[in-house]
Amino acid sequence: MGEDLKVIVFTLAHEQYGVEVERVRTIERMQPLTRVPRTPAFVKGVINLRGIVVPVIDLRGRFQLTESDYTENSRIIIVAVNEMEVGLIVDSANDVLDVDSDNIEDPPEIVGGIRAKYLRGVAKLSAGNLLVLLNLEEVLNKSEIVQLEQLEA
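To keep things clear, this report deals only with the structure shown in the data block. (Residues numbered from 1 in each chain as written. Predicted model: local features only at pLDDT ≥ 70, side-chain atom pairs only at ≥ 80, totals over all residues. Heavy atoms only, no water.)

1. Looking at the pattern of salt bridges
Under the definition given, this model contains 8 salt bridges. With a shortest N-O distance of 2.7 Å, Glu137 and Arg23 are connected by a salt bridge. With Glu137 in helix α2 (residues 136-139) and Arg23 in the loop between β2 (15-20) and β3 (24-29), this residue pair connects regions lying 114 residues apart in the sequence. A salt bridge links Lys124 to Glu105; its shortest N-O distance comes to 2.7 Å. (Salt bridge = Lys/Arg side-chain N within 4 Å of Asp/Glu carboxyl O. Helix = DSSP H or I, 4+ residues; strand = E, 2+ residues; numbered from the N terminus.)

2. A short note on the sheet that holds strand β9 (residues 104-105)
A sheet is described by the order of its strands in space; here 6 strands give the open sequence β8-β1-β2-β13-β12-β9, paired in mixed fashion. For this open sheet the edge positions go to β8 (92-100) and β9, each flanked by a neighbour on one side alone. The pairing of β9 with strand β12 (residues 119-124) spans 2 bridges and is classified as antiparallel. Among the inter-strand pairings, Ile104 is bridged to a residue of β12, identified as Ala123. (Pairing = 2+ DSSP bridges.)

3. Quick look at the packing of aromatic side chains
Taken as a whole, this structure holds 1 aromatic pair when the rule is applied. Measuring from ring centre to ring centre gives 5.8 Å for Phe10 and Tyr17, while their planes differ by 20°; the resulting arrangement is stacked. Note on accessibility: Phe10 and Tyr17 belong to one class, buried. We note Arg62 situated over the ring of Phe42; from NZ or CZ to the ring centre the distance is 5.0 Å. (Phe/Tyr/Trp six-rings, centres within 6.5 Å; stacked < 30°, edge-to-face > 60°. Buried < 20%, exposed > 50% of the residue type's maximum accessible area, 1.4 Å probe, protein only. Lys NZ or Arg CZ within 6 Å of the ring centre and 35° of its normal.)

And the structure:
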């Protein structure tokens, strides 16, 4: 049996995704965003989180999924990637799960319209459900991180 991986489970366009708990700083309710000019469409703006300016991206937009209105369930998951904090807008944040690393497989080339480079793997859960694990380094790849860091400057 492999090691357990603790993941935060969230939904995006009716699919379940996960990110490692140790990457997640906090999960916030939606709040007003300050738009920043000349940023990619999926960069929705910045928020002031306890005195720190945090860039926020909409994962639906990042993955070129149909964007939808934010609801009561929408959340901003604040994650740490390469010593930078970024907010990820998701449809809802549901749960914390332990995933056995033996049950994680390499991602297929495309899952739900999302290219495999953004995915760390697909975990098989009980009851035959699948959980797509994000590769945050690719979701926030270098060229986009440079743009996000310019927001913070």
